[in-house]
Number of protein chains: 2
Amino acid sequence: MSEQNKIPYKIYLNENEIPKQWYNVRADMKNKPAPLINPGTHEPMGFDDLRPVFCDELIKQELDNDTAYFDIPQEIRDFYKMYRPSPLVRAYCLEKALGTPAKIYYKFEGNNTSGSHKLNSAIAQAYYAKNQGLKGLTTETGAGQWGTALSMACAYLGLDLKVFMVKVSYEQKPFRREVMRTYGASVTPSPSMETQIGRKINAEHPGTTGSLGCAISEAVEVATTNEGYRYVLGSVLNQVLLHQSVIGLETKAALDKYGIVPDMIIGCAGGGSNLGGLISPFMGEKLRGEKDYRIIAVEPASCPSFTRGKYAYDFCDTGMVCPLAKMYTLGSNFIPSANHAGGLRYHGMSPILSQLYADGYMEAVSVEQTSVFEAAENFARTEGILPAPESSHAIRVAIDEALKCKASGEEKTIVFGLTGTGYFDLVAYQKFNDGEMTDYIPTDEDLAKSLASLPKVD
Amino acid sequence: MSEQNKIPYKIYLNENEIPKQWYNVRADMKNKPAPLINPGTHEPMGFDDLRPVFCDELIKQELDNDTAYFDIPQEIRDFYKMYRPSPLVRAYCLEKALGTPAKIYYKFEGNNTSGSHKLNSAIAQAYYAKNQGLKGLTTETGAGQWGTALSMACAYLGLDLKVFMVKVSYEQKPFRREVMRTYGASVTPSPSMETQIGRKINAEHPGTTGSLGCAISEAVEVATTNEGYRYVLGSVLNQVLLHQSVIGLETKAALDKYGIVPDMIIGCAGGGSNLGGLISPFMGEKLRGEKDYRIIAVEPASCPSFTRGKYAYDFCDTGMVCPLAKMYTLGSNFIPSANHAGGLRYHGMSPILSQLYADGYMEAVSVEQTSVFEAAENFARTEGILPAPESSHAIRVAIDEALKCKASGEEKTIVFGLTGTGYFDLVAYQKFNDGEMTDYIPTDEDLAKSLASLPKVD
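What counts, and where the lines are drawn
Residue positions are given per chain, counting from 1 as you read along its sequence in written order. The order in which chains are written sets their letters, starting at A; the order in which ligands are written sets their numbers, starting at 1. Predicted model: local features are reported for residues with pLDDT of at least 70 only, side-chain atom pairs are reported and counted for 80 or more only, and whole-chain, interface and lining totals are derived from all residues. The side-chain figures draw on all heavy atoms in the structure; neither hydrogens nor water molecules are used. Any two residues whose heavy atoms approach within 4.5 Å at even a single point are treated as in contact. Salt bridge, as applied in this entry: a Lys or Arg side-chain nitrogen positioned within 4 Å of an Asp or Glu carboxyl oxygen. Here a polar contact means two N or O atoms within 3.5 Å. Within protein one must be a hydrogen donor candidate and the other an acceptor candidate, and residues neighboring in sequence count only if both atoms are side-chain atoms. Numbered from the N terminus, helices here are DSSP runs of H or I no shorter than four residues, and strands are runs of E no shorter than two. When residues are sorted by character, Ala, Val, Leu, Ile, Met, Phe, Trp, Tyr, Cys and Pro go into the nonpolar class, Asp, Glu, Lys and Arg into the charged class, and all the rest, Gly among them, into the polar class. Only Phe, Tyr and Trp rings take part, Trp by its six-membered ring, and two of them pair if their centres are within 6.5 Å. Stacked means planes under 30 degrees apart, edge-to-face means over 60, and tilted covers everything else. Residue burial is assigned from relative accessible area. The probe radius is 1.4 Å, only protein chains are included, and a residue is buried under 20% of its type maximum, exposed over 50%, and partly exposed in between. We call a charge positioned above a ring when the Lys NZ or Arg CZ atom is no farther than 6 Å from the ring centre and deviates by at most 35 degrees from the ring normal. Residues reaching a pLDDT of at least 70 in both copies supply the C-alpha atoms on which the copies are superposed by least squares. Cysteine sulfur atoms are paired as a disulfide whenever they fall within 2.5 Å. Note: two strands are recorded as paired if DSSP finds a minimum of 2 bridges between them. Structural elements are reduced to axes, namely lines fitted to C-alpha atoms, with helices fitted over the stretch in contact, and the angle between N-to-C directions of any two is expressed from 0 to 180 degrees. To sort the angles, those under 35 degrees are grouped as roughly parallel, those over 145 as roughly antiparallel, those from 65 to 115 as roughly perpendicular, and the leftovers as oblique.

Next up on the list: the interface of chain A and chain B. Think of interface size as the accessible area that goes away when the parts come together; that is how it is often given. Chain A puts 47 residues into the contact, and the matching count from chain B is 47 residues. Our enumeration of links across chain A and chain B arrives at two salt bridges. The salt bridge involving A:Asp434 is made with B:Arg181; its shortest N-O contact spans 2.8 Å. Counting across the interface, chain A meets chain B through 28 residue pairs in polar contact (both at pLDDT 80 or more). Contributions of two or more residues to the side of chain A that touches chain B are made by helix H3 (74-80), helix H6 (145-157), helix H8 (174-182), helix H15 (369-383) and helix H17 (426-433) of chain A. Grouping the constituent residues of the side of chain A that touches chain B by class yields 21 nonpolar, 12 polar and 14 charged.

Residue and element names in this part refer to chain B. Evaluated as defined, the whole model comprises 39 aromatic pairs over all chains. Between Tyr-127 and Tyr-128, the aromatic rings sit 5.2 Å apart at their centres with planes inclined by 75°, giving edge-to-face as the arrangement. Its relative accessible area of 14% is what places Tyr-127 among the buried residues. Lying across the ring of Tyr-92, Lys-6 places its NZ or CZ 4.5 Å from the centre.

Turning our attention to H8(A). All names here are of chain A. Buried residues dominate H8, accounting for seven of its nine residues. Of the positions making up H8, those classed as buried are Phe-175, Arg-176, Arg-177, Glu-178, Val-179, Met-180 and Thr-182. Phi turns positive, to about 90°, at Gly-184, one or two residues after H8.

Moving on, we come to unusual backbone geometry. The peptide bond linking A:Arg84 to A:Pro85 adopts the cis configuration, its omega dihedral lying at -10°. Take A:Pro85: it is sitting in the loop between H3 and strand E4 (88-90). For the bond from B:Ser190 to B:Pro191, the omega torsion is 5°, close enough to zero to count as cis. Within the fold, B:Pro191 resides in the loop between strand E8 (186-190) and helix H9 (196-204). One non-glycine residue with positive phi stands out, namely B:His42, at about 65°. Along the chain, B:His42 falls in the loop between strand E2 (21-23) and helix H1 (47-50). The backbone of B:Val236 shows a phi angle near 65°, a positive value even though the residue is not glycine. Relative to the elements of secondary structure, B:Val236 occurs in the loop between strand E9 (229-231) and helix H11 (238-257).

Superposing chain A onto chain B requires a rotation of 180° together with a translation of 0.0 Å along the rotation axis, leaving an RMSD of 0.0 Å. The transformation just described matches what one would write down for a two-fold rotation axis. Ranked by how close their C-alpha atoms come to the rotation axis, the residues of chain A are headed by A:Asn111, at 3.1 Å. Most of the interface of chain A is mirrored in chain B, where 100% of its interface residues are also at the interface.

Another aspect to go through is the state of the cysteines. Per the counting criterion, the structure on display carries zero disulfides over all chains. Of all cysteine sulfurs, the one in A:Cys55 lies closest to A:Cys154, which takes part in no disulfide; the gap is 9.9 Å.

Here we take up the side chain of A:His393. Position of A:His393 among the secondary structure elements: in helix H16 (residues 389-408). Among all residues touching A:His393, those that are not within four sequence positions of it are A:Cys268, A:Val298, A:Glu299, A:Pro300, A:Gly342, A:Leu344, A:Val367 and A:Val372.

Our focus in this paragraph is the sheet that holds strand E7 (residues 160-166) of chain B. Each strand in a sheet pairs with its neighbour through backbone hydrogen bonds, running either in the same direction (parallel) or in the opposite one (antiparallel). Residues and elements named next belong to chain B. Reading across from one edge, E8-E7-E6-E9 is the order of the four strands in this open sheet, with parallel pairing throughout. For this open sheet the edge positions go to E8 and E9, each flanked by a neighbour on one side alone. Across the sheet, the mean angle from the axis of one strand to that of its neighbour is 25°, orientation sign disregarded. Relative to E8, E7 runs parallel, the two sharing five bridges. Looking at the pairing, Lys-162 lines up with Ser-186 of E8. Against the sheet, helix H6 (residues 145-157) engages strand E6 (136-141) and E7, with an angle of about 160° to E6.

Residues and elements named next belong to chain B. One way to put it is that helix H15 (residues 369-383) packs onto helix H17 (residues 426-433) with a least axis distance of 11 Å and a crossing angle of 100°. In terms of axis orientation, H15 runs roughly perpendicular to H17. Facing H15, whose interface residues are Thr-370, Phe-373, Glu-374, Ala-376 and Glu-377, H17 presents Ala-428, Tyr-429, Phe-432 and Asn-433. Split by residue class, the contact of H15 with H17 holds five nonpolar, two polar and two charged.

Structure representation (structure tokens):
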């Protein structure tokens with residue numbers, strides 16, 4: 001094939017081809033995702049119930065199950081132009097190294113300072129807050145990807161930002177903390193002494209190193225008790241999947257440009273923001289009966305919400321201040337083993353993806369972390385990108401599927417989401433390089449115990 | 001202006017527009033750079049003299065002052081396609097924040113796992129080594145950018161790689177070390193007990209934390225005493241500037257596409273690899289009398305080779321095993337103050353750039369590190385990219401020039417090189433965020449002392 005006609009290594013759209021609208025997959029779902037409900041009354045949360053916590057425009061997006069397309073405001077599109085369109089990469093070198101007839105593509109979302117796709121929703125959420133005349137935002141962050149993304153968005157728009165960072169990450173992973181500070185965010189280790197809930201947790205568990213659920217509760221408290229502040233969240237919510245649809249829309253536009261039709265689409269799944277965004281336009285075609293694709297969610301064996309969780313209403317945070325969401329969950333007090341380095345540690349899953357999975361539109365597989373890092377190393381050495389551990393879950397399954405094609409001789413087209421880079425995960429890589437990484441799978445008893453904490457909802 | 005006609009935020013070339021040849025600026029220089037000479041005899045080093053240390057093809061490139069263009073082998077171009085063409089970015093957001101009528105562009109070389117432009121020469125050097133049938137390569141690295149780039153190239157080609165990493169960086173900056181290991185390189189803290197020179201230095205200076213010059217000497221010793229190994233270097237050398245011309249050629253092609261003619265081109269200068277590559281085609285036009293541009297080298301005030309150094313033959317390493325090079329130098333035993341966090345710590349400068357500077361084709365300015373980090377923070381918050389401290393020297397001067405335009409009302413076009421990202425420099429950013437960064441300028445006495453070590457060459 002001549003160099004001119006060959007599919008390039010990287011398919012870039014033009015700046016003008018950045019989507020002008022987000023796509024809301026809920027509009028094409030026959031069974032809509034279950035609504036958020038009040039943890040006390042179990043009544044569905046309406047616009048007014050959510051206003052103290054979230055920005056108005058974002059609540060509208062959260063609750064709207066019918067509008068298929070939402071215009072992307074010009075200011076957000078301009079911000080997107082600083083790091084989008086992101087490339088759809090043909091993994092020629094990986095294909096060659098594997099000796100597979102499969103054609104492998106990945107949508108690479110890591111080429112921005114936040115290092116992941118999180119920025120797509122961060123700028124949208126910050127924009128609507130600014131537009132509402134708010135002073136600032138609060139949020140929580142674990143390892144710091146979401147906090148970094150939101151810091152960048154708030155710096156760009158001149159919004160104040162207060163991040164509660166899980167204490168153990170604040171102390172042991174100081175680098176993302178410093179990125180956030182460079183972007184002007186204030187970063188507080190959680191649990192702190194600045195909130196009621198933080199003081200309570202510190203009193204009850206002296207010396208605790210914190211958890212994501214606790215940091216959420218602190219961030220929500222500060223947002224609801226300070227004039228001009230709201231709380232924002234980087235995954236799970238319907239609005240986040242809406243914003244992240246930009247990933248899938250670009251992917252589809254790039255594939256369409258070359259007449260490529262994928263056989264399967266693979267993504268890692270923590271709270272579901274990347275996977276939900278990546279698959280959305282493809283899922284839309286599937287829901288409308290226009291096309292069929294295999295859609296595969298990959299999760300860690302140590303935190304297996306889809307494959308071993310229960311589809312039920314559960315708390316989103318450990319402080320139990322947030323609404324209940326119906327989702328595949330391991331129970332809100334589930335915490336993956338400390339030796340799990342691969343991210344994707346959230347106990348629940350996006351309600352949209354949960355409903356789609358329950359209805360049989362998606363598959364899910366779980367993988368163990370040593371094999372994930374083997375795939376990551378293989379990918380880094382052949383494709384030149386050091387992947388985030390989270391993203392490497394998708395790489396693992398993409399490689400496995402490509403090897404099945406090698407065995408069968410099938411020339412399948414595989415698309416996967418490479419959500420981010422691993423530059424801030426080198427402690428985990430070091431463990432792997434030193435041969436000290438181990439796997440962990442929760443026992444049935446572990447899961448039964450954490451699932452016993454599910455609230456009773458009729 | 002309609003969205004269609006506006007210059008985009010990022011000008012991307014097509015993959016087929018990646019240069020097919022490197023440009024050798026020496027071909028257009030009337031005064032050629034001075035040759036490398038033997039430290040003992042002071043005779044110019046010829047092909048045979050250099051063969052024990054360097055790969056054959058690279059020596060040819062090193063010594064060739066006349067051939068204007070060298071074909072880029074297809075395998076290198078294929079590797080380039082994994083991360084090139086790199087974008088030429090219009091800094092719309094920075095312009096707006098500064099309120100300047102200047103038009104600012106930057107060529108961004110940081111979107112690859114090595115985090116900098118170093119990969120452009122690493123793959124070239126590794127390719128020629130592989131092609132010569134060698135088993136492996138040795139090199140030194142300080143903070144690790146070059147070592148990381150070479151690790152990626154060697155992993156891709158299946159070459160063995162031994163990196164001597166300055167001991168203090170090996171211990172205090174473990175992350176780039178782990179990236180190198182993930183790419184299969186062996187990384188040894190220098191001075192080690194594996195080489196004669198290392199054992200000697202350890203004996204003479206017990207507890208020493210090493211230096212770049214010492215690591216060079218160890219890497220050269222291993223290359224010359226092991227069958228099938230050669231030594232490679234990431235900057236200073238003519239061959240490196242040749243490979244890095246890909247930066248400038250792409251920049252020029254992108255500008256030409258939109259009919260943009262820069263008034264000035266700004267780059268940071270350590271050993272000169274980025275600056276030399278970025279300016280090469282523009283310098284070629286200037287040397288041939290076709291066009292005129294202001295070309296500005298920016299160096300740290302704490303390591304001011306151009307602005308306060310001497311143009312003379314000097315040692316390239318502290319072990320004094322390498323050939324002598326004629327260059328602007330501060331003396332091979334010059335070491336910038338430990339509080340200098342901004343990179344660009346090499347005592348010398350590319351012989352090509354040194355000759356061009358001596359002949360008046362370039363300007364040079366030095367800047368202090370606190371003002372460099374102020375510029376870095378400003379850039380990060382407006383343009384969304386956390387820059388490497390090295391690159392931020394160029395940002396500082398680009399901002400200063402843009403502010404001069406604001407004062408004068410001139411709509412000048414400024415192009416600068418953004419060589420890399422600062423993801424592995426967060427200890428320095430933390431210092432800045434905490435207000436603990438200080439500046440340091442060597443005294444005239446300091447410089448007189450280090451310049452006293454210059455070898456006597458007639």
